[in-house]
Every structure is written in structure tokens, then in C-alpha cells.
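# A look at the structure
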Amino acid sequence: MAFIGMRDVCWGLDDPLLLENITFQIEKGERVCLLGRNGVGKSTLLRLLSGKLSPDSGEIWKGQGVTVSLMAQDVSAKWDGTVFNVAAGGAGKIGETLAEYNCLAKTTGLCDPGKLRKKQEQLHHLLDVENGWDLMARIESILSRIGLKPEIPFATLSAGMKRRALFARALAKNPDILLLDEPTNHLDINSILLMEDYILRYVKTVMFVTHDRAFLKKIANRILELDRGSLFSYPCTYDTYLTRKQAFLAAEERQKDVFEKKLSTEEAWIRQGIKARRKRNEGRVKALLKMRQEYDHQRQKIGNVKFQFQEAERTGKLVIEANNICYAFHHQTVIRHFSTLIMRGEKIGIIGPNGAGKTTLVNLLLKTLPPDSGTVRHGENLRIAYYDQMRLSLNEQQTVTENIGEGNDFIVFNNQKRHVISYLKDFLFSPERSRTPVHVLSGGEKNRLMLAKLFTQPANVLVLDEPTNDLDTETLELLEELLFDFNGTIILVSHDRALLNNVVTRNIAFEQNGQVIEYAGGYDDYRSQGQKMQPEIRSYSKTSGSPKTPKQSKPKSVQKLTFKEKFELDDLPGRIETLESEQKDLFNRMSDPLFYQHPKEEITRIKTRLDQVQYEIDITYGRWEELENKENFSDLA
């Protein structure tokens, strides 16, 4: 049963149109993820579906009695009152009546008691007639399930908690189809997991836009991609979509090459042909004119950001040592007796709930904030580049070029002089957009500008505080690849589980009461360790020169690598390279569009081997890290 859809919908302010002849429908029970680059019209399409925008042409239809609700990307300034009242407002007029009744029920001594009682009776009657009490019970149930107290003033909530409240608002009228625009923005990991669980349990049909790949993989059973004004449907999971998309792009590129070659041939023919021949080949001339018209109307694929670091001279082996640091804010303990040792080349993730103190810990480690007690020591030759999530390093009133060039038309990048406009093209800023004031940029553009500014600095230590917000999936994956290949040290604060899994080698996690604990591996490793065992703190004691457990116990001695272990450590990089080469070859074979035409036994064999290779890579990396850590600590002992 189809709930909602579009037929030949067009919308746009300029030529070419943002959306051009869009046709699709959503069936009951589908969980659809809408993908696309920044600025291609994803939010616009959701607003058109919700009825908040009208199309320039075409038709938007929905089944009889089907209700639609949209959770917008931005928080409206007009929403006020308690969390309950903001959530109730999403149910329309009856929700507003319920919110008004809720306010009057808590009003004392502010107006005439008789008038107050009369107004309450009127609202009570309306709620009786319109099943308002059922709505009240549903809203209270939703708020309870997503961990919000109904009586808290909405204005006092953090950005993440406001997103939770807006999620409840979108659910208030129990819609048949729920539309979500970047629902995980500003949410910590626990809040994202809670939202995932709620959608899978209670929401049957949903269409959402997200850059969170883990959220996408968990929720979506169909992919819609918006590209160059057109919509493409992939009725499959995200991983299958990536394979099919690669095959589609390769086929598109081959078709484009054939078209351009034919056009070039016909252009050469028309230039050298005589008039009589042209008259006898009028059909060929008309075909050429049609090809020219088709070529002129082709919309070029949006390019990719060209990320490139300026790596500075290597640091010493020790990068940062923190010993027994404590920090409190407004008499509330944020960090309690935390020690750690960060070595050259490590990639550290920092995770925890919103407001736990992740950015505070970063500032303590960077020595921009002094601890209440304890010490922080930096190694030799540190060149730190810092990406702050609040974008405070951007001057909103200056243009894009002024923020990068700081008054100069040229920058020096990897010892070569580059014009600022040319450099910004690598980050998808056109010359016109480069001269735009920063305050008019979208969230995704501001993030790209922050990264562009960050990479103008030669660095051997990267500190990134929530760098992925508002980035599209393609840009995010390019950034992830660059971080993976970076030879220096990385400290990464992120709620992006896929990024943590694919980049970091160790996580620093905020627990309760200011306790900060370290876990080896990526995010999934942290989850499994935290659930299955008492975690071990890999903290470094300046006095003992050895790792500590949560009880601060000391090993009696530091064991050095045996000859056999040293031989094994030297051999592991080559082993990993061999396995990853085989993994790449298997991926290439599976991405071939003709792969699934092979015999079933061969397909099964290749898939099984791919799983085995991935398992061996994980085990080998784990062993490599174990031996390297042992070598590092024995060297420092």
C-alpha cells in the first residue's frame, strides 16, 4: 500500500532547477534514507512532502487519511514552554489545546479564579470531545521512552536534548509516515542508540536524511539518492547500494565517453562537409543539433573535496602525558584522577554523553586549560592543528577568502605558493561563493571551510572536535580515509560510530562521576568491553612508569619483548599489507556488475573468504597493537 509520493515534481529558484521531474512513492513499512550531496535539495524534498512547501509543477499525493509529520533540521525560535508543551504542539490544534490546559493547570494566583476555572472547563470539554487525554498519555509515554522529563523548560535544554524533544514533537500525532531531517545532529551516542531503538520498535514507515552511516545501516531498507536534480531508487541496504552505485557510475562514465566521442566525430564531419552533402544528410545534421542540445543540458556531477594535509616534522615518541589530573566546574566534578599516555602515531577517540566534559578534556590535554590538580606534559616538536566544533576560529563577518588568506591573496601550501581562490576550489567553493560572507554559508559549507583552514597549517598532531556535523557522506568518507592515512597523532571527539570504528585505535570514555576510562580498539570494541568485562584503565603513572588498573594497582615489573615477539612485531605490517591487498581484490571482484551471474558456489566461496580475511585483519591489528604497546611501555620503564 502506497502512503505518499510525487509525480513529475519540479522546484527551484534558478536554472537548472533544484528538483526536476521527481517521481517516486513510499510504501507502508518502508524505511527510506534520502542521500545526496550538500545543497542538492534533500531538506527541500522533505518539506515538499510534509506540505510546508508547494511544488512549482507536478503533483504531491498521499493516501486517504494518511498523516505526515516532519522533524526539521533546525530548532525554531518560536518554540517555548515546557518539554511537554513543545511536544504536544506537534499534534496540531488539539495538541495546542492540551498544552494550554497544561499551562492553566499550573497557574496559581495570576488571574481571576472564576475566569481561570471557566477556561479550564472549556478546555477540559474540548479535550474530552477530541480524545485529548489519549494524546496526553501518548506524549507522556514517548517522553518517558526517550528519557525526557515533561516539566523541564525547553529553553534550558542542551542542543542534543532539544533534538530529542523535537523527535517527540514529530511523533505526537502518531503519523503514518515520519520524516526526519538529520535527526542525529548534536545527539550523543546513547541518544542515537535510543532513537534507533524507538524507530525500530514503534515507527513502521519513515523517510530520513542523515550523514550517520551507522544509523543509516541500522534503520534503512531502501535508499533514494538525489543527484543533479534527479532521484534514483535503490531497494536495498546501504552496503548493497554502495556496490550498485559504483557499477552505475562506471556505466554512466562509459556512456558519457561514447557520447562525447560520437559528438566529436559528428562535429568534425559537419566542419568538412560540403553544402550539397549536408542537404543529402539532413537527418544527420538534425541528429547533431540534438546532440549539441543534449550536451548543453548535461548537469555535471558534483566534484569531491580534495583533502590534503601539510604534515610537519615528526614529533618525539611521547606526545602527551597526563598524570592524575582532576577538574571541576561549578563544584561539579568533571574529570577525576585521570592519567594517560599518548604516543606518536596513535589515533585516540574521546566519547561520552553531551555535557560530560569531552571538550574540557581536550583543552586540558592541549594545556589551554589548567587542571585543578595533576600535571600535563607535552613531548618534543608538537605542531597542533585544532578543529573546534563551535567554529570559533571563523570570523562570520569576513568572506570565505578573508578567513583563509587573512588579508593575503596567496597562501603557502607544502612549500608552494597557491592562490586562495584556487585552494578553495579543492573544497568545492566556486570563485563567487569564495567572496561570500561566512554568516550566509550553510552548516556543511562552514564545516568544509573549517577543514580548509585547518589544513593550511603544517601539523603532526590533529585535534578534531565533532568534525562530521553537516558533512555529506561522500565528503565524510574522504575525510575518514585521510585521517586513516595520516602519519601523525590524532585526538578525535565524535559521536560518529562508523568514523570511530574505522579510524581510532583507542577510546577514552566518560563514565559516571567524572571517571574516565580507556578501551583498546574502535567504538564496537568499547561497547563489547564495557558490557562484558570490568574495563582496564590504560593510564600511565609518572611515579611507577607502568599502566594502572581502576584500583590503581601496579604490576610488579615491566616485561620486555622477547626475541620471538620482536620478530613477530617486525613481520606483522607485511602480513597486514598482504591481507588488505587480498581484501581489496575480493571487494573489486564483488563490485563487478557481473559478479552475481557466477555460479552460486563461487559467490559463496568468495563471500566466505572475505569474512575470513576481515577476521584475520582484525586479529592481526590487535596483536600488532598489543606488541607495540608492550614495546612502548618497556622503552619508557
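Below: a short report on this structure. If you're wondering where the values come from, they're calculated on a predicted model, not measured in any experiment.

Conventions used here
- Going along each chain's sequence as written, the residues are numbered from 1 onward.
- Totals for whole chains, interfaces and linings use all residues, but because this is a predicted model, local features are given only for residues with pLDDT of at least 70 and pairs of side-chain atoms are given and counted only at 80 or more.
- Think of the side-chain values as coming from all heavy atoms in the structure, minus any hydrogens and water.
- Note on conventions: DSSP H or I runs of at least 4 residues are helices, E runs of at least 2 residues are strands, and numbering of each starts at the N terminus.
- Three exposure classes are used, based on accessible area relative to the maximum for each residue type with a 1.4 Å probe and protein chains only: buried under 20%, partly exposed in between, and exposed over 50%.
- By the convention used here, residues are in contact when the closest approach between their heavy atoms is within 4.5 Å.
- In this analysis, rings of Phe, Tyr and Trp, with Trp reduced to its six-membered ring, are considered paired at centre separations within 6.5 Å, and the interplanar angle assigns stacked below 30 degrees, edge-to-face beyond 60, and tilted for intermediate values.
- Working rule: Lys NZ or Arg CZ, within 6 Å of ring centre, within 35 degrees of ring normal, means a charge sits over the ring.
- Two strands qualify as a pair provided that DSSP identifies no fewer than 2 bridges between them.
- We define a salt bridge as a contact between a side-chain nitrogen of Lys or Arg and a carboxyl oxygen of Asp or Glu at a distance within 4 Å.
- Multiply 1.5 Å by the residue count of a helix minus one, and that product is the helix's expected span.
- Whenever a nitrogen or oxygen atom comes within 3.5 Å of another N or O atom, the pair is scored as a polar contact, on the condition that within protein one atom can donate a hydrogen and the other can accept it, and that pairs from neighbouring residues in sequence are kept only if both atoms are in side chains.
- Lining residues are defined by having an atom within 4 Å of a point belonging to a cavity or pocket. Those points lie on a 1 Å grid over the protein atoms alone, cavities being sets where a 1.4 Å probe fits but cannot get out and pockets being open sets with protein on both sides within 12 Å along at least five of seven lines.
- Grid points are joined across faces, edges and corners, and a volume is the space filled by probe spheres set on the points.
- Any residue outside Ala, Val, Leu, Ile, Met, Phe, Trp, Tyr, Cys, Pro, Asp, Glu, Lys and Arg is labelled polar, Gly included; the first ten of those are nonpolar and the last four are charged.
- Simply put, an axis is a line fit to the C-alpha atoms, just over the touching stretch for a helix, and the angle between two N-to-C directions goes from 0 to 180 degrees.
- We score Asp and Glu as negative and Lys and Arg as positive, and we do not count His or the chain ends.
- What we call a nonpolar core is a set of buried Ala, Val, Leu, Ile, Met, Phe, Trp, Tyr and Cys residues that are connected through their side-chain atoms within 4.5 Å.
- Each patch is assembled from residues with relative accessible area greater than 30% and no salt bridge, linking like charges that lie within 9 Å and nonpolar side chains (Val, Leu, Ile, Met, Phe, Trp, Tyr) that lie within 5 Å.
- Every accessible area reported is derived by Shrake-Rupley at a probe size of 1.4 Å, with residue values counting cover from the shown protein chains alone.
- Where a charge lies is defined by one atom per residue type: Lys uses NZ, Arg uses CZ, Asp uses CG and Glu uses CD.

### Quick word on the overall build of the protein
The helix and strand tally for the protein stands at 21 helices and 22 strands. Across the 637 residues in the protein, those meeting the buried criterion constitute 46%. Of the contacts formed within the protein by residues at least 6 apart in sequence, a portion of 67% connects residues at least 24 apart.

### Describing the packing of aromatic side chains
This structure, assessed with the given rule, holds 11 aromatic pairs. Relative to Tyr 198, the ring of Phe 167 lies with its centre 5.7 Å away and its plane at 80°, an arrangement referred to as edge-to-face. Of this pair, Phe 167 sits in helix α6 (residues 159-171) while Tyr 198 sits in helix α7 (residues 189-202); the two residues are 31 residues apart in sequence, bridging distant segments of the chain. Pair check on accessibility: Phe 167 and Tyr 198 agree, each one buried. An angle of 55° between the planes, with centres 5.3 Å apart, marks the rings of Tyr 423 and Phe 427 as tilted. Across the pair, Phe 427 and Tyr 423 agree in class, each one buried. Taken together, the aromatic side chains of Phe 413, Tyr 423, Phe 427 and Phe 455 make up a single cluster linked through ring pairs. Taking the ring centre of Tyr 202 as reference, the NZ or CZ of Arg 145 above it sits at 4.3 Å. When the ring centre of Phe 429 is taken as reference, the NZ or CZ atom of Arg 448 above it lies at 5.2 Å.

### Structural notes on the pairing of strand β1 (residues 2-11)
Of all 10 residues making up β1, 7 are buried, and the element is well covered by its neighbours. Across 6 bridges, the pairing between β1 and strand β2 (residues 19-27) is antiparallel. Among the inter-strand pairings, Ala 2 is bridged to a residue of β2, identified as Glu 27. With 5 bridges joining them, β1 and strand β4 (residues 57-62) adopt antiparallel strand pairing. Bridge assignment links Gly 5 to a residue of β4, and that residue is Trp 61.

### Section: the pattern of salt bridges
In total, this model carries 21 salt bridges according to the counting rule given. Between Arg 506 and Glu 346 there is a salt bridge, with its nearest N and O atoms 2.5 Å apart. Pair noted here: Arg 506 is in strand β19 (residues 506-510) and Glu 346 is in the loop between β11 (332-343) and β12 (347-351), with a separation of 160 residues, a long-range link. Judged by its relative accessible area of 0%, Arg 506 falls in the buried class. Overlapping salt bridges, with partners in common, bring together Glu 196, Asp 212, Lys 218 and Arg 497 in one network.

### Concerning α7
Each turn of an α-helix holds 3.6 residues, which means side chains three or four residues apart point in the same direction. An ideal rise of 1.5 Å per residue puts 20 Å on 14 residues; α7 measures up with 20 Å between its terminal C-alpha atoms. Along α7, the residues classified as buried are Ile 189, Ser 191, Ile 192, Met 195, Glu 196, Tyr 198 and Ile 199. Its side-chain oxygen 3.3 Å from the backbone nitrogen of Asn 190, Asp 188 forms the N-cap of α7.

### Describing the layout of surface pockets
The probe, sized like a water molecule, is rolled over the atoms to show the empty space still left. The space that makes up the second largest pocket amounts to roughly 960 Å³. As for the second largest pocket, its lining consists of 44 residues, and the residues nearest its centre are Asn 354, Gly 355, Lys 358, Thr 359 and Gln 389. Among the elements of the structure, α6, β10 (318-329), β11, α12 (358-365) and α16 (443-454) are those that each provide at least two residues to the lining of the second largest pocket. Considering only residue class, the lining of the second largest pocket consists of 12 nonpolar, 22 polar and 10 charged.

### Regarding unusual backbone geometry
The backbone phi angle of Asp 8 is positive, close to 50°, even though this residue is not glycine. Even without being a glycine, His 186 presents a positive backbone phi close to 70°. Mapped onto the fold, His 186 is located in the loop between β6 (177-181) and α7. According to the relative accessible area criterion, His 186 is partly exposed, its value standing at 42%.

### Let's talk about the pairing of strand β16 (residues 416-419)
Note: strand β15 (residues 410-413) against β16, 4 bridges, orientation antiparallel. Among the inter-strand pairings, Phe 413 is bridged to a residue of β16, identified as Gln 416. Once β15 ends, the chain turns through 2 residues before running back antiparallel as β16, passing Asn 414 with a positive phi of about 50°.

### Some remarks on the sheet that holds β1
Strand order in the open sheet formed by 3 strands is β2-β1-β4, and the pairing between neighbours is antiparallel. Lying at the two open borders of the sheet, with one neighbouring strand each, are β2 and β4. Along the sheet, successive strands turn relative to each other by an average axial angle of 5°, direction set aside. Against the sheet, helix α1 (residues 42-50) contacts β1, β2 and β4, and its axis sits at roughly 120° relative to β1.

### Focus on the sheet that holds strand β18 (residues 489-493)
Strand order in the open sheet formed by 6 strands is β14-β17-β18-β12-β19-β20, with mixed pairing between adjacent strands. Every interior strand has two partners, whereas the edge strands, β14 (384-387) and β20 (516-520), have only one. With direction set aside, neighbouring strand axes in the sheet form an average angle of 15°. The pairing of β14 with strand β17 (residues 461-465) spans 4 bridges and is classified as parallel. Across the sheet, the residue bridging to Ile 384 is Val 461, located in β17. Running at roughly 140° to β12, α12 makes contact with β12, β14, β17, β18, β19 and β20 of the sheet.

### Here's the deal with the side chain of Glu 466
Within the secondary structure, Glu 466 sits in the loop between β17 and α17 (473-485). We note that Glu 466 is buried and unpaired, the nearest opposite charge coming from Lys 358 at a distance of 5.7 Å. Within the local environment of Glu 466, its side chain forms a polar contact with the side chain of His 495, the two groups lying 3.1 Å apart. Residues in contact with Glu 466, not counting those within four places in the same chain, are Tyr 387, Gln 389, Val 493, Ser 494 and His 495.

### Here we look at the nonpolar core
Formed by 52 residues in total, the largest nonpolar core has its most connected members in Ile 139, Phe 167, Ile 199 and Ile 223. Ranked by residues supplied to this core, first place goes to α6 with 6 residues. Residues in contact with Ile 223, not counting those within four places in the same chain, are Cys 33, Leu 35, Leu 216, Phe 232, Ser 233, Tyr 234, Cys 236, Thr 237, Tyr 238 and Tyr 241. Counting residues in each nonpolar core, the second largest holds 44 residues, with Ile 404, Met 450, Leu 499 and Leu 500 among its members.

### Observations concerning α16
An ideal rise of 1.5 Å per residue puts 16 Å on 12 residues; α16 measures up with 17 Å between its terminal C-alpha atoms. Contacts from the buried residues of α16 go to β14, α13 (400-405), α14 (420-425), α15 (431-434), β17 and α17.

### A word on a positive patch on the surface
Taken together, the side chains of Arg 47, Lys 52, Lys 62, Lys 78 and Lys 173 present a region of like positive charge at the surface. Position of Arg 47 relative to the elements: it lies in helix α1.

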